[in-house]
Amino acid sequence: MTILLATDFDAPALGRWRGLLQAALPVERIVTDRQAVDAAEIDIAIVANPPPGVLQGLAHLRLIQSLWAGIDKLLGDTSLPPAVPIARMVDPAMSTAMAETALWAVLSLHRGFFTYAAQQRTPTWQPLPQRRADEMAVAVLGLGEMGRCVALRLAAQGYRVNGWSGRPTELPPVTTHHGDAALTGMLRDADIVINLLPLTPVTCGLFCAARLEAMRPGASLINLARGAHVVDVDLLAALDSGHLQHAVLDVFNTEPLPGDHRYWRHPKVTVLPHAAAQTDARSAADIAAGNVRRLRAGEAVQNLVDRTRGY
Ligand code: NAP
Ligand code: GLV
């Protein structure tokens, strides 16, 4: 049987991934061109933003292994075979990278480092009042692989961390909340809100005018999950009016962020190029290979997605 590696990687990245996967799975045949083999031979697909439709008609497909943690774009492909299990990437190296990005953003907001960077351009010499970490309340929305790692890293740094999930979760020393009813209170009480929710029909557009209005005046938003969680015009209005202090945005409704988008030059916005936590091929290839081996051995595949929930 054959593994199809279907991605939007450029040729050098594709070659690197193929080499790493082949080294981890020496007895497997791995192809990157679906047309190069009989479709009936393909029983596993390893994917990263595959071209829509590329998995259609693969009658013997038994597993779709995503190299991405978020599978919203994959599930958006209406031609995706409906009954084939999807496993997503869960890699501690990726969670660590996410925690580093979140810590940098929270520290920068808490200690005014974005403001000092702007002052240097003027130039302006103006120290800001110095708050302690335990005076800062941080809300982490989503307590999955990413959110848990972020919340624990921030708590270890001394921040007062509240976390939000769909179902009840225990994560000491983080104070946890769950369900829709808890969200308004969490937004109201936070100096900094970090979004690490999956993009689903329920969470799409979560940061609309009403929710941004529910945030504490002077609070900041860090979006490290998906651009479509945010209604851009509403966020820009909340920043322009002075209700929100700053937004750190790693993800956008259109990526790459168009050069003429207001976010690029907005004084209260810090833009990252979807780089908060990139898949680390060195560890992720082995993780994907592990699931291939489990499938071949008749064992349970790990990190399966619940398609009905969308994550
Ligand atoms: P995950 O393990 O699936 O965790 C999802 C969390 O969100 C769970 O705690 C879940 O709670 C919660 N949740 C989902 N829907 C909810 C709702 N309607 N209300 C409240 N809580 C809800 O996901 P993950 O691995 O942490 O990744 C999260 C997202 O980060 C990914 O989907 C991806 O979009 C994004 N991401 C971004 C980057 C980047 O570089 N920017 C990198 C990796 C991932 P329950 O389980 O209790 O329902
Ligand atoms: C990156 O955004 C991912 O979902 O892995």
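Everything quoted here is computed from the prediction, not taken from an experiment.

**A look at the overall build of the protein chain**
- If you tally the helices and strands in the protein chain, you get 10 helices and 12 strands.
- Computed over its C-alpha atoms, the radius of gyration of the protein chain comes to 21 Å, within 12% of the 19 Å expected for a compact globule of 311 residues.
- Once the C-alpha set of the protein chain is aligned to its principal axes, its extents read approximately 65 × 40 × 30 Å.
- Put simply, of all contacts in the protein chain between residues at least 6 apart along the chain, 60% involve residues at least 24 apart.
- On the protein chain, roughly 15000 Å² of surface is accessible, and the fraction owed to carbon and sulfur atoms is 55%.
- Separation of charge centres in the protein chain, based on 28 positive and 29 negative side chains, amounts to 3 Å.

**Quick notes on the site of ligand 2**
- The immediate surroundings of ligand 2 are formed by Trp68, Ala69, Gly70, Met94, Arg226 and His274.
- One nitrogen or oxygen atom from the main chain of Ala69 is found 2.7 Å from an oxygen atom belonging to ligand 2.
- At 2.7 Å, a backbone N or O of Gly70 approaches an oxygen atom of ligand 2.
- When ligand 2 is considered free in solution it has 190 Å² of accessible area, and contact with the protein chains removes 89% of it.
- The residue inventory of the shell around ligand 2, partitioned by class, reads 3 nonpolar, 2 polar and 1 charged.

**Let's talk about the site of ligand 1**
- With respect to spatial proximity, 29 residues lie near ligand 1, and among them Arg88, Met146, Arg167, Asp250 and Tyr311 are the closest.
- At 2.7 Å, a side-chain N or O of Arg88 approaches an oxygen atom of ligand 1.
- Interatomic distance of 2.7 Å between a side-chain N/O atom of Arg167 and an oxygen atom of ligand 1.
- Here ligand 1 has 950 Å² of accessible area as a free molecule, and 91% of this is covered by the chains.
- Contributions of two or more residues to the shell around ligand 1 are made by α5 (145-156) and β7 (160-165).
- When residues in the shell around ligand 1 are grouped by element, the largest group, 3 residues, is from α5.

**As for the sheet that holds strand β3 (residues 42-48)**
- Here 5 strands make up an open sheet; going across it, the order is β2-β1-β3-β4-β5 and the pairing parallel. At either end of the open sheet lies a strand with only one pairing partner, and these are β2 (29-31) and β5 (86-87).
- The sheet strands contacting helix α10 (residues 281-296) are β1 (2-7), β3, β4 (63-66) and β5, and the helix crosses β3 at an angle near 160°.

**Overview of the pairing of strand β9 (residues 192-195)**
- In β9, alternate side chains face the same way, and those of Ile192 and Ile194 on one face and Val193 and Asn195 on the other are all buried.
- Pairing analysis gives 4 bridges linking strand β6 (residues 137-141) to β9, with the strands arranged parallel. Paired with Ala139 across the strands is Val193, a residue of β9.
- Here β9 runs beside strand β10 (residues 219-223); their pairing, made up of 4 bridges, is parallel. Across the sheet, residue Asn195 finds its bridge partner in β10, namely Asn223.
- In this view, the connection linking β9 to its parallel neighbour β10 by way of helix α7 (residues 209-214) has right-handed handedness.

**What to know about the domain arrangement of the protein chain**
- As far as domains go, the protein chain holds domain 1 (2-91 + 279-297) and domain 2 (92-271).
- Using C-alpha coordinates to define each centre, domain 1 is positioned 32 Å away from domain 2.
- Taken together, the contacts link 10 residues of domain 1 with 8 residues of domain 2.
- Of the roughly 760 Å² buried at the junction of domain 1 and domain 2 (both faces included), carbon and sulfur atoms supply 58%.
- Of all residues in domain 1, the largest losses of buried area upon contact with domain 2 belong to Asp72, Val90 and Asp91, amounting jointly to 59% of the total for that side.
- The tally of links from domain 1 across to domain 2 stands at 1 salt bridge.
- Here Arg226 ties to Asp72 by a salt bridge, and the two come within 2.9 Å at their closest N and O atoms.
- For the pair domain 1 and domain 2, the number of links is 4 residue pairs in polar contact (both at pLDDT 80 or more).
- Its residues assigned to classes, the side of domain 1 that touches domain 2 comprises 3 nonpolar, 3 polar and 4 charged.

**Some words on the pattern of salt bridges**
- Counted according to the given criterion, the structure contains 12 salt bridges.
- Note that Arg296 and Asp43 form a salt bridge whose closest N and O atoms lie 2.5 Å from each other. Taken together, the residues span a long stretch of sequence, with Arg296 in helix α10 and Asp43 in strand β3 at a distance of 253 residues.
- The residue Arg309 makes a salt bridge to Asp306 at a minimum N-O spacing of 3.3 Å.
- We classify Arg309 as partly exposed; its relative accessible area is 31%.
- Here the salt bridges share partners, and the residues they tie into one network are Glu28, Asp43, Arg62 and Arg296.

Calculation notes
- Within every chain, residues take consecutive numbers counted from 1 along the sequence as written.
- Working convention: letters from A go to chains and numbers from 1 go to ligands, in the order in which they are written.
- Per-residue local features are limited, in this predicted model, to residues with pLDDT of at least 70; the limit for side-chain atom pairs, both in listing and counting, is 80 or more; totals at the level of whole chains, interfaces and linings are taken over all residues.
- Hydrogens and water are ignored here; the side-chain numbers use all heavy atoms of the structure.
- Under the DSSP-based scheme used, a helix requires at least four consecutive residues in state H or I and a strand at least two consecutive residues in state E, with every element numbered from the N terminus.
- For a compact globule the rule gives 2.2 Å times the number of residues to the power 0.38, and the radius of gyration it is set against comes from C-alpha atoms.
- What makes two residues a contact is simply this: any of their non-hydrogen atoms within 4.5 Å.
- Under the convention used here, a 1.4 Å probe and the Shrake-Rupley method define accessible areas, while residue burial counts only the protein chains that appear.
- Here the positive residues are Lys and Arg and the negative ones are Asp and Glu; neither His nor the chain ends is included.
- Charge placement uses NZ in Lys and CZ in Arg. For Asp and Glu, CG and CD serve respectively.
- Residue proximity to a molecule or strand is established when one non-hydrogen atom of the residue lies within 4 Å of it.
- Any pair of N or O atoms that falls within 3.5 Å is considered a polar contact. Within protein, one atom must be able to donate a hydrogen and the other to accept it, and sequence-neighbouring residues count only if both atoms are side-chain atoms.
- Polar here means any residue other than Ala, Val, Leu, Ile, Met, Phe, Trp, Tyr, Cys and Pro, which are nonpolar, and Asp, Glu, Lys and Arg, which are charged; Gly is therefore polar.
- At least two DSSP bridges between two strands are required for those strands to pair.
- Interaxial angles span 0 to 180 degrees and are taken between N-to-C directions of axes, which are lines fitted to C-alpha atoms, for helices over the stretch in contact.
- Note on classification: 1.4 Å probe, protein chains only; a residue is buried when its accessible area is under 20% of the maximum for its type, exposed when over 50%, partly exposed between these limits.
- By convention, orient the strands away from the viewer: a clockwise path from the first strand over the helix to the second makes the crossover right-handed.
- Residue ranges for the domains trace back to a domain assignment, done automatically or taken from a database.
- The term buried area denotes the loss of accessible surface (1.4 Å probe radius) that occurs when two parts are joined, taken as the sum for both partners.
- Here, a salt bridge means any side-chain nitrogen of Lys or Arg that lies within 4 Å of a carboxyl oxygen of Asp or Glu.

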